[in-house]
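# Examination of the molecular architecture
So the chains spell out like this:
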Amino acid sequence: MHSAASRTGRRANGKVYFQFLPCISLWRLRAKSQSVLLAMITMTLLFIVYKATGSDDAKLLQAKDGSGRYPSENTAKLGSDDNLENVNELMQLTQSAVHMTRQRAIESRLLGGKGEEQELLNAAGKRHGDQKVADMSLPPVFRGHRIVHLDLKGAPPRLAYYAEIFPLIRELGGTGLLIEYEDMFPYRRVELTATNAYSKSDIATIQRLAAENDLIVIPLIQTFGHLEFVLKLRQFKHLREEPKYPQVICPSRNASLILLREMIDDMLELHPASKFIHIGSDEVYYLGECTQCQDRLKKMKWDKRDLFLNHMTTVANYIKSKNPGLTVLAWDDEFRQMSLEELLASNVGKVVEPVVWKYTSAIPVDLSLTMSEKYAEVFPNVWIASAFKGATGPDMIATDIDYHWRNHAAWMQVISSLSSSINIRGIFLTGWQRYDHFSVLCELLPVGFPSLAVNLAYLSSSKLSGSAWPNAKATRVLKCDSAEPLRKLGAPVRCAFPAAQLFEAVAALYTLQRSFEEITANPHFRGWFSDYNTEMNFASPSHIEEAFADLGRIKMELNYIGRDVQKAMSDVYEPSVYDEWMATHIRPLEVKLSVWWEAKEKLLARDDWPRRPLRPAGQ
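Since we're looking at a predicted model, the values are computed, not measured.

Going through the model one piece at a time under the given rule, you end up with 23 aromatic pairs. With a centroid separation of 5.8 Å and 35 degrees between ring planes, the pair formed by phenylalanine 516 and tryptophan 596 is classed as tilted. Taken together, the residues span a long stretch of sequence, with phenylalanine 516 in helix α16 (residues 500-521) and tryptophan 596 in helix α22 (residues 587-604) at a distance of 80 residues. The pair phenylalanine 516 / tryptophan 596 is uniform in exposure class, with both members buried. Members of the aromatic cluster, joined through ring pairs, are Phe224, Phe308, Phe335, Tyr375 and Phe379. For the cation-ring pair, arginine 336 lies above tryptophan 357, with the distance from its terminal atom to the ring centre recorded as 5.3 Å. The side chain of lysine 555 reaches across the aromatic face of tryptophan 597, ending 4.7 Å from its centre.

Encoded structure:
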């Protein structure tokens, strides 16, 4: 029996007349026949309207559903599948999500639901061509803060580049920036500051550009490990925990705390609007080694974990004393080996929120257990950290986007499993520029930008539209002529995002590096171009020609790449960054090519050879 909502008729003189067939009096039909006829009429009308509107996607209106549900509670009348995630899987083979939503709206109208048609159409607002309908109304893959990490160690971009990429970061779904200045910050102690560091005015400009794009700024200042830029200096080497190694500051010297407080004060002064500050504290490899620390451990009856926790809480409490409203963040890796009882006794959970970092394509089970069984008991809020670049090798020049996407996807699986046991406040998408202060540059920011776009768009899109990469949001920002090459490391592709020319030139260099590897793996090279062959000037010309058939092409391409890199980098970085990058990645190849070319020419110039045993020339 039909409900009131399914009837579209009216009564007159005790008889029921249907507005579509006014000349038929259904009251004369038997109940069973009446039901069959009603079903046939309904199906016929559905088919007619379906055909009439089958390609009219433009009728869909763009709207927001403030409740965050799709599309409204009233759609429960149509069935239990009140969001697009529950659409019949087989329907996806023949109908788009937009089409299915429109069809459901038509059914609602025919069955008499007042207002339901418009609600469905509004919720199905179409965005940017083939953008998935659910992107406007379903929750994103990750609901919390999506913070982009800018690692400035020795390679600070020009301010004009920030003006170009900050709007794109916001468009991709970013909500803030974690800025790790290291020696690029204008400390009061000028010896801590690089000669190419930002000025105070520059720091203000960066924050203004961020605010204009609704991006919060979180400064990161190292306060325990990774203080190489400080402890490398002669005037501060006495503060090292281990005299030979400049990584970790001694937490037991008064001079250490005085220096750290000054640096923190400088950072807070130039970030008056920031609500968060990150104090680093990862990879504290040396602890409790110096005489002062050992004496303190004995006196306090502490172990090294107590020493670590005491220093972290001391630093955090100092920041709180300067600005009680600030939230203090810290990397979590030193917490992982500590017991629940140790963490609770230290009260670290009252002053610090941990950032759990893991950059691999799979998140270990033990880390998930640490978060759910230990961190959930200690910390009211927890953050996580993924990587969009700078995590696959200290000298890597190109970014493996697929690897980093799998890292983000793995994190989302962990978050899904932990959602009921722990409060995840946000995610930091880290983009390391160096593994530490002394290491070479890895992937430059413009080179890693496509990976940032892919992963940030994935996190900020709905599950329906973000499950494959690059999704429509990332494709729209990158403006590449084809998205498919992004899946293959070093594949040639032309894009139009800021400094895309640098991304393209480095991809070409990555491919050219593989050509060098192919030469050295070639049997003709290995068998006839050994150091012994070149020293004795003794080799078969045919094999030498085979070994170096591509050498001329490689030499020419390397010259073009060097020129393109110089032109592209000048728009983003100051000259010292270009000089270092060229010295690390281009000039060694140029030297190798020159040596090979000279040896090849010498070997091919000879057309007779001596009897064995061979002797070097001149003997």
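Moving on to the environment of threonine 291. Along the chain, the position of threonine 291 falls in helix α8 (residues 291-300). For threonine 291, a relative accessible area of 53% corresponds to the exposed category.

Position of aspartate 579 among the secondary structure elements: in helix α21 (residues 575-585). Look at aspartate 579 and you get partly exposed, because its relative accessible area is 39%. Considering only alpha carbons, one finds aspartate 579 and glutamine 566, 13 residues apart in sequence, at a separation of 9.0 Å.

With that settled, the discussion passes to the side chain of histidine 226. Within the secondary structure, histidine 226 is located in the loop between β5 (216-220) and α6 (228-231). Taking relative accessible area as the criterion, histidine 226 reaches 13% and is therefore assigned buried. Within the structure, histidine 226 has its side chain in polar contact with the side chain of glutamate 228 (distance 3.4 Å). Here glutamate 283 takes part through its side chain, which lies 2.5 Å from a polar atom of the side chain of histidine 226. Here histidine 226 is in contact with Gln247, Asp282, Glu283, Tyr435 and Asp436, once residues within four sequence places are set aside.

What follows is about the confidence of the model for the chain. Averaged over all residues, the pLDDT of the chain is 84; the fraction at 70 or higher stands at 77%. Contacts for the low-pLDDT stretch residues 53-135, under 50 throughout, to residues beyond four places or in other chains number 126 contacts.

Let's shift gears to the nonpolar core. By size, the foremost hydrophobic cluster in this structure holds 154 residues, and its most contacted members are Phe166, Phe335, Met371, Met412 and Trp581. Two domains each put at least three residues into this core: domain 1 (145-489) and domain 2 (508-605). When residues no more than four places from it in sequence are discounted, the contact partners of methionine 412 are Val141, Phe142, Ile384, Ile427, Tyr458 and Leu459. Core analysis: the second largest hydrophobic core is formed by 15 residues, Leu178, Leu220, Phe276 and Ala385 among them.

Turning to the side chain of glutamate 353, a few remarks are in order. Within the secondary structure layout, glutamate 353 lies in strand β10 (residues 353-357). At 3.1 Å, the side chain of glutamate 353 forms a polar contact with the side chain of asparagine 381. For glutamate 353, the contacting residues outside a window of four places in its chain are Thr327, Val328, Leu329, Ala330, Asn381, Trp383 and Arg425.

Another point: unusual backbone geometry. Here arginine 612 and proline 613 are connected by a cis peptide whose omega angle stands at -5 degrees. By the element assignment, proline 613 lies in the segment after α22. The backbone of aspartate 214 shows a phi angle near 55 degrees, a positive value even though the residue is not glycine. Structurally, the position occupied by aspartate 214 is in the loop between α5 (200-212) and β5. Using a relative accessible area of 54% as the deciding quantity, one classes aspartate 214 as exposed. With a phi angle near 55 degrees, lysine 479 is a residue other than glycine that sits in the positive phi range. Among the structural elements, lysine 479 can be located in the loop between α15 (472-478) and α16. Residue lysine 479 is classed as exposed on the basis of its relative accessible area, which comes to 51%.

Calculation rules
Residues numbered from 1 in each chain as written. Predicted model: local features only at pLDDT ≥ 70, side-chain atom pairs only at ≥ 80, totals over all residues. Heavy atoms only, no water. Phe/Tyr/Trp six-rings, centres within 6.5 Å; stacked < 30°, edge-to-face > 60°. Helix = DSSP H or I, 4+ residues; strand = E, 2+ residues; numbered from the N terminus. Buried < 20%, exposed > 50% of the residue type's maximum accessible area, 1.4 Å probe, protein only. Lys NZ or Arg CZ within 6 Å of the ring centre and 35° of its normal. Polar contact = N/O pair within 3.5 Å; in protein donor to acceptor, adjacent residues only side chain to side chain. Contact = heavy atoms within 4.5 Å. pLDDT = per-residue confidence, 0-100. Core = buried A, V, L, I, M, F, W, Y, C linked by side-chain atoms within 4.5 Å. Domains from an automatic or database assignment.

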